[in-house]
Amino acid sequence: MGVREELEGRFGENFSDSLVERLSHTADMGFVPQLVWTGIKINIIPDYVVYPKNVEDLIDIVKIANKYNIPITPYGRGTNRYGNAIPADGGILIDFSKMDKVEIDDSTKVAISEAGATWKLVDIAAQGRGLQLRTFPSSYDSTVGGGVSGDALGVGSYQFGYICDNVAFVDMVNPKGELVRLEGKDLALVCGAEGTTGLIYRAGIRLRPFAPTESLVLAYDNFEQAYRGIGEFYRESIPAWHVQVRGPAISSYIAQNFKASLAPDKWNMVVLYPSNVSSIVEPKLYRVAQSTGAKTFEGEWTGWWTFNHGVNAALRTKGLLIHQHGLIHYTKIKDLVDGIQENLGKLGDLTPDGGFDLDIDLERRETLLVNAFTQVSLTPVDKKILFELAKNTLMMEQYIKVGGSMLSVGIFVHKYAKNRLTAMGKVFQDVGIDRYEVMKKYKEEMDPSEIFNPGKVFEPKNRAKEVLDIVKKQNEAMRYRFGIGFAKRIAPGGEIEGYKVTKKYLDIFTDYAIKCIDCAMCVTVCPQYKLIPQWPYAPKGMFDFTKGLISAFELNGKIDVPESAIAEISGCHKCGLCDGVCPARIPISSMLIRLSSMVVRNIPEEASVEIPIPDKYKEVISEQADIGIWFGRYLVDNPTTMFAALELFKRLGLKVKIFGTSLDSGFNDYISGNGNELIEKIRKNSENINVSELITISPEDYKTFKEGYQEYSKLVNLNQRFEIVPIELRLLKSIQMEGGEEINLHVACFSSDYADEVLKRLREKGFKVKKIEGCSGATLEKNVGKRADMMAKAIGEKYGTIITLCPLAAAKFRSVGVNAKTLVEYLAQKVGAEVRTIEATFKVPESDKNAILDALTNSLLDSLKKRASLIADTVSFLSSGVDEYKKIIEPIIIEAVDETAANVRSVISSLASKKASDDSTEKVVVFNSYVKEFGGLLMSLTLDSIVSNLVQEIKAKSIDEFSDKDLTVVLLELLRDKLGRMRSIVSTK
């Protein structure tokens, strides 16, 4: 048994080595990916991802890592800037998302929090008991484990000091796999160690009594005034909670983008204090303002994220942001400014062409946390970006020159680790602990193999030595110091290959992914992430996946993205909550809809299946009826809802015209932008829909008729003469019944337009309705299943019995053992109708799935190898360029794909014929099931090994030299592009 098998056997669904999971853990708020893109070969891609749920899981991960000598990296929310949570040597990444329990001990005023809980969660729990956090990182949505291991200053540090000055204890799994409790001076082993000495299981966080927060702002015209204001603030001994001084450019950006109460183009000192000390604080602040020439105005509590995330978001709108923060004595800030100005330009003039600005936190013992921001003029994917990133090292050196220290070490500044860990909080200062020496000795004794977060804090000796190239490369760029601009101009530029290749897979989504600042605000509000707390199911993880793809190409010279990976990251509920909180103003839900449409576009139409209507409903059906009911293709997977609808119409005495399950409204064409195909279906369907009211059952059909037909009908001068009515609203309007029961109503993605009206009518009838959001993924992912299965199981586990507005969702819920029915089925049963649940699908045996996969992979490789000599004769044309060469060998690849498709279809037909009876409908259903299974296999197919094998064959046959990398890229792109063709051939009716 190897490490993979052991991890999977131990952790089951909480283990993954999928491309999506691995690549979605390769970025934080810093610019480590960009460094990889410039050619520094740091292996930031984990080999495995594990989501522990308890301390026993942590202990077993450590034991497995020791057994196989494989590194581990702890990951919280990935909001640091120094690569702390990003692997530097692959290995096992431990995502703490599922360890977020918080308990409040009222007697000691301590929150006992698991490492994966965010500071926001802790604060909410504390406020429920009349308490609140003393201090927390400015990334309010970062995790407790990350905050303690980084031991930073943050919001509230003016009054309460460093994070670890406010930690009562830490329970940690040490490198031997033992659970130990650290208190007092022993906290030096974990606070600031950045996960290099152990895995934090939970921590005791000291709290304070809750009090409303008030704010006063002192606005200064220039830096000299602000500097005097800082000095006077310390001399007045003002009992504030948090004090922040924002530079003029930052103030303007924040005021403009987020309507914050800051004076634009001024130095703004924002002072936060509990309302119960306002009578002490405010008179002193007015004295400071008067003596230093500041204008005062009442501040506004605009949200935790505006402290730091707001700065990053506002400034990054103008380009990639370089941010360095360090700790200095307040009297040294003028020297710091002079040193940075010498290299980067004028303070307060923050543009991509030069200048910088400061964001300063005051700590009570006359220490300043100074955040220096500068922008770059190049795009993050320009080959010359290293010259701009060297500004980070320039700023870092200035902090050290004035006697300061870094705030974090990460993978960047090992040589200043001792300097950082000596700048310690009061708790270590009081007991005289040399934190660096204590940690270093412990690390050497307990983790000599550098298994715990290698490459961070301590200079690597055996693992992750590539991180040492960062400073080396940046120093090379800095040799030009006074000629960086000239060097940048003459160096080869242009977009890196990884970006161009990734964009071919993900289109414009790639550009938006690069704009993501990794603040994790979207994670906080994402209803899907709350159900499945795994990174690819939150927008941040989706964007990090994209950055990871670029990194993977730059590290390996190739990437292979199966359609299932795109379906995994894009198959969310599209609720739009993330759009509302994104500081970078990325239209996240729109981008995910666009990404989903790329998947749908490659899914061919399935064979039509007409579910026969039982004779008992003949009295309901009338070709002359003015009301029509559209069953459509989406009821094939759940005919129970169709029969329940007919039963209800029969009881209501309604006559309806039937539009059966072989018909297609064109939903897939609509959401994928296939306008021509949709128009043809509109023409065909509109000719037959001669009713005034058309009732739809599936939300997908409702959306298509309501929106798609109205949009596209105008293009072809067709008038839609019928009104579209969701069946639930039609039934609730007509059925007389008394409610009283509690209903967990699942609102499917495309029913959101009318869901609130459904809820209102149910409540009017006396039902107690709980609205449940969270896409089952049934439409997009019925050929893939993983995400849909996980969502369905998670919703079922949380809510029990589910009533849904989507027939496909009901079928998906039931397929994973969740007690679910559509609202139509529920209403039918409510009025006494006996509705039998019917499954109209066939489950393909596992042995047959394997047979199809074997036929697919073996046939494709054989077909390609048969043509290896022909391809070898053309490789000399690779020198003309990748795009030109693709045109040359495209016919060869098409031949191989068509041959493979014919072979696979023959295998599927043979397997299906053995399972179906002579009934024609059953034959179609069984064959369809096999085709769907094939579609899922094709979407998940990785071509890397096939192409690698083929390239070696071509190399052996070629007499010309050629680039393995370029040929691999061409073959991967061509084959991936032609898989849709293969699916169409196999799926042909």
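Structure shown above.
Everything quoted here is computed from the prediction, not taken from an experiment.

Novice: Looking at this model, I keep getting lost on the overall build of the protein chain. Mind explaining?
Specialist: Scanning the protein chain from terminus to terminus reveals 42 helices and 26 strands. The C-alpha atoms of the protein chain give a radius of gyration of 31 Å, which matches the 30 Å a tight globule of 989 residues would have. Taken across its 989 residues, the protein chain has 63% of its residues classed as buried. Long-range contacts, defined here as pairs at least 24 residues apart, represent 77% of the contacts in the protein chain between residues at least 6 apart. By element, 47% of the accessible surface of the protein chain is carried by carbon and sulfur atoms, the whole surface being about 36500 Å².

Novice: What is the right way to read unusual backbone geometry from this model?
Specialist: Across residues other than glycine, the phi torsion is negative in most instances, and most of the peptide bonds are trans. Positioned with a positive phi, Asn69 is a non-glycine residue whose angle comes to about 55 degrees. Position of Asn69 among the secondary structure elements: in the loop between α4 (55-68) and β3 (72-75). Phi at Asp507 takes a positive value of approximately 60 degrees, unusual for a residue other than glycine. Its location among the elements puts Asp507 in the loop between α19 (497-506) and α20 (509-515).

Novice: What is the right way to look at the pattern of salt bridges in this model?
Specialist: A side chain with one charge can pair with a side chain of the opposite charge if their charged atoms come near. By the definition in use, this model includes 60 salt bridges. With a closest N to O distance of 2.7 Å, Asp57 and Arg10 form a salt bridge. Of this pair, Asp57 sits in helix α4 while Arg10 sits in helix α1 (residues 3-11), placing them 47 residues apart in sequence. Judged by its relative accessible area of 7%, Asp57 falls in the buried class.

Novice: For this particular structure, what's the right way to read the pairing of β3?
Specialist: Regular strands place side chains that alternate from one sheet face to the opposite one. Burial along β3 is two-sided: Ile72 and Pro74 and Thr73 and Tyr75, pointing in opposite directions, are all buried. The pairing of β3 with strand β4 (residues 92-95) spans 4 bridges and is parallel. Bridge assignment links Ile72 to a residue of β4, and that residue is Ile92.

Novice: Mind showing me how you'd approach the nonpolar core here?
Specialist: Most often, soluble globular proteins have nonpolar side chains that are buried together. Counting 186 residues, the largest nonpolar core has Phe233, Ile333, Leu358, Leu362, Leu368 and Ile954 as the members making the most contacts within it. The biggest single contributor to this core is helix α39 (residues 882-915), with 11 residues. Counting 69 residues, the second-largest nonpolar core is a separate cluster that includes Ala65, Ile94, Phe96 and Phe258.

Novice: How should I be thinking about the state of the cysteines in this particular structure?
Specialist: In protein structure, a disulfide is the covalent linkage between the sulfur atoms of two cysteines. Following the criterion strictly, the structure yields 1 disulfide and no others. The disulfide partner of Cys164 is Cys191, and the gap between their sulfur atoms is 2.4 Å. Between Cys164 and Cys191 the disulfide shows an S-S torsion of about -95 degrees. By sign, it is left-handed. With Cys164 in the loop between α7 (157-160) and β8 (167-173) and Cys191 in the loop between β9 (179-182) and β10 (199-209), this residue pair connects regions lying 27 residues apart in the sequence.

Novice: What should I look at first to understand helix α35 (residues 807-815) in this one?
Specialist: Note on helix geometry: an α-helix contains 3.6 residues per turn, so any two residues three or four positions apart are oriented the same way. When you tally the buried positions in α35, you get 8 out of 9 residues, the bulk of the element. Looking only at α35, the buried set comprises Pro807, Leu808, Ala809, Ala810, Ala811, Lys812, Phe813 and Arg814. Trailing α35 by a residue or two, Gly817 shows a phi angle of about 90 degrees, which is positive.

Novice: Where do I start with the packing of helix α13 (residues 385-401) against helix α17 (residues 468-478) in this structure?
Specialist: Closest axis-to-axis distance for the α13/α17 pair is 8 Å, and the angle between their directions is 100 degrees. The orientation of α13 relative to α17 falls into the category roughly perpendicular. Listed contacts from α17 to Leu386, Phe387, Leu389, Ala390, Asn392, Thr393, Leu394 and Glu397 of α13 are Lys473, Gln474, Asn475, Ala477 and Met478. Partitioning the contact of α13 with α17 into residue classes produces 7 nonpolar, 4 polar and 2 charged.

Novice: Teacher, can you tell me more about the side chain of Asp560 here?
Specialist: In this fold, Asp560 is placed in the loop between α23 (539-556) and α24 (563-570). A distance of 2.4 Å separates the side chain of Asp560 from the backbone nitrogen of Leu943, its partner in a polar contact. For Asp560, the side chain forms a polar contact with the side chain of Arg976, separated by 2.4 Å. With residues near it in sequence (within four places) discarded, Asp560 still touches Leu19, Tyr505, Thr942, Leu943, Asp944, Leu972 and Arg976.

Here is what the cut-offs are and how they apply
- Along each chain, numbering runs from 1 in the same order as the chain's sequence is written.
- Residue-level local features of this predicted model are given only where pLDDT is at least 70; pairs of side-chain atoms are given and counted only at 80 or more, and the full residue set underlies all totals for whole chains, interfaces and linings.
- With hydrogens and water set aside, each side-chain value is computed from the structure's full complement of heavy atoms.
- The way it works is that DSSP assigns letters per residue, a run of H or I at least four long becomes a helix, a run of E at least two long becomes a strand, and they are numbered from the N terminus.
- Computation of the radius of gyration draws on C-alpha atoms, with the globule rule given as 2.2 Å multiplied by the number of residues to the power 0.38.
- When accessible area is computed with a 1.4 Å probe and restricted to protein chains, residues below 20% of their type maximum are described as buried, those above 50% as exposed, and intermediate ones as partly exposed.
- Residues count as neighbours in contact if any of their non-hydrogen atoms are within 4.5 Å of one another.
- Residue-level accessible areas treat just the shown protein chains as cover; the underlying method is Shrake-Rupley with a 1.4 Å probe.
- Any carboxyl oxygen of Asp or Glu that lies within 4 Å of a side-chain nitrogen of Lys or Arg is treated as forming a salt bridge with it.
- Only strands that DSSP links by at least two bridges are regarded as paired with each other.
- Among buried residues, the Ala, Val, Leu, Ile, Met, Phe, Trp, Tyr and Cys ones that are joined through side-chain atoms within 4.5 Å form a nonpolar core.
- Defined by distance alone, a disulfide is two cysteine sulfur atoms within 2.5 Å.
- Lines fitted to the C-alpha atoms define the axes, with helices restricted to the stretch that makes contact. Angles between their N-to-C directions range from 0 to 180 degrees.
- For this classification, under 35 degrees means roughly parallel, over 145 means roughly antiparallel, 65 to 115 means roughly perpendicular, and everything else is oblique.
- Think of it as three bins: nonpolar holds Ala, Val, Leu, Ile, Met, Phe, Trp, Tyr, Cys and Pro, charged holds Asp, Glu, Lys and Arg, and polar takes everything else, Gly as well.
- Nitrogen and oxygen atoms within 3.5 Å of one another constitute a polar contact, given that in protein one can donate a hydrogen and the other can accept it, and given that sequence-neighbouring residues count only through two side-chain atoms.

Interpretation in functional terms is not warranted from these geometric data alone.
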